[in-house]
Each structure stands twice: as structure tokens, then as C-alpha cells.
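What the coordinates show
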Amino acid sequence: MRLINLNLWKQGNLIHDIVKMLNRENPDIFAAQEVSEISYSILKGQFHFSNFAPRFTREGLVWGNSIHSQYPIMESSSLFYLGEYCDFTDRTDFENEPRIVQICTILTHVNADKKLEHLTICNNHGVWGLDQYDNPARENMVNAILKYAPRNRTIICGDFNLFPHTKSIQTI
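So, how was this worked out
Every residue gets a number counted from 1 within its own chain, in the order that chain's sequence is written. Under the rules for a predicted model, residues below a pLDDT of 70 receive no local features and side-chain atom pairs below 80 are neither given nor counted, while totals for whole chains, interfaces and linings still include all residues. Side-chain calculation: all heavy atoms of the structure are included, whereas hydrogens and water are not. For each residue, the accessible area found with a 1.4 Å probe, counting protein chains only, is set against the maximum for its type, and the residue is called buried under 20%, exposed over 50%, and partly exposed in between. Secondary structure is summarised from DSSP: a helix means a run of H or I of at least four residues, a strand means a run of E of at least two, and numbering begins at the N terminus for each. The arc in question is traced by the directions running from the helix axis to the C-beta atoms. In this analysis, two residues are considered to be in contact whenever any of their non-hydrogen atoms come within 4.5 Å of each other. Salt bridges, as used here, are contacts in which a Lys or Arg side-chain nitrogen is within 4 Å of a carboxyl oxygen on Asp or Glu.

What follows deals with helix α1 (residues 15–25). Those residues of α1 not exposed but buried are I15, I18, V19, M21 and L22. Projected down its long axis, α1 shows its buried positions confined to an angular sector of 160°, all on one face. Away from the buried face of α1 by more than 90 degrees, exposed residues H16, K20, N23 and R24 are located. Those residues of α1 hidden inside the fold are in contact with β1 (3–7), β2 (29–36) and α2 (37–43). Residue N26 follows α1 closely and has a positive phi angle near 50°.

Structure, rendered in C-alpha cells:
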């Protein structure tokens, strides 16, 4: 199974290049952050199943995370661990933008005993800051993800805005 995770960055200005990459790489699952509702409408045309988790609106446009899959998405939810869904207009206050982890359970196949096999994808857009080190808000993010995420057959992905050697990443 092939999964690609990507922060779309810069309001999806590269969306057409991203679609070309998706066609070339042909992933089974694609998780994305900083997705506008416009980018989402383009991306969902590349997959059989898609789910959008809104974080906020800005200037009338909805922004969030998305998970796309060639397999059925059986359940979906999202957890705000910083702020709540709102009209967020301050483009300079990244540290207080609402943050979520999006969770989708995907039916991957039916095994020989005719039991359904599931995989859970946790797609996170992490707390932004002037550095990529641990702080209380990021520790809260990790605790929320670990409390909410299933313990088996789970992939935690996303843009965590953290260095790989931090305690928060090591905890995950």
C-alpha cells in the first residue's frame, strides 16, 4: 500500500503539479494539510473516496485537512486540539490558528475468513511556532492525538511543525 502525505502550502498554488505527481505515483491514500475547498474539489476527482475536515474560514474560503483513498472510507471524525472552527482572518497569527487531527477509518480488504480489514489514518496539521521545538501547545497536540488514535493498524501522518528529534515526535 502506498501513502503520500503533503502540505499543499501557499494556498494550493501548485495544485496542478500535485495532481500530475499523484497521477505518476498512483498512491492508494493521500493525506494533505492546508487544503482549501477549491483544492479539495480538484483532489477528490483523483480518488474514489475523499473526506474533508474543515479547520477555519478565511475571506469566505474554507480551509482544512483532507484524506483521499482508493478504498472506502468507513468512518471519519476530527478533533480540535487548539481553538475551534471559526472565521480566522488574522494572516499573521499562525500560532493561534485552529488545529485539528483528522481521523479516517478505511476498509482495505476482506480477508480469507470474510472479515473486514481496516486501517486508520490520522492526518495532523501541527501547531505552528517560530521554531520546531517542543512547547506546551505541541505537547498538548501529541497527547490529544495519542488519546484519540486507535492503538493498532493506525498511521499517524501530517505536518507536525516539529524537528524529528523532539520529545513530541519521539512520543508518537
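Back to the text.
Quick look at the pattern of salt bridges now. This structure, assessed with the given rule, holds seven salt bridges. Residues R99 and E97 are paired through a salt bridge, measuring 3.4 Å at the closest nitrogen-oxygen approach. A relative accessible area of 2% means that R99 is categorised as buried. Exposure remark for E97: the relative accessible area of 5% places this residue in the buried category. A salt bridge links E117 to R153, with the shortest nitrogen-to-oxygen separation between them at 4.0 Å. Residue E117 is found in strand β8 (residues 116–125), and its partner R153 is found in the loop between α3 (136–148) and β9 (154–159); the two are separated by 36 residues along the sequence. Take R153: its relative accessible area is 43%, and that puts it in the partly exposed class. Residues joined by salt bridges that share partners form a network here, namely R55, R58, E97 and R99.

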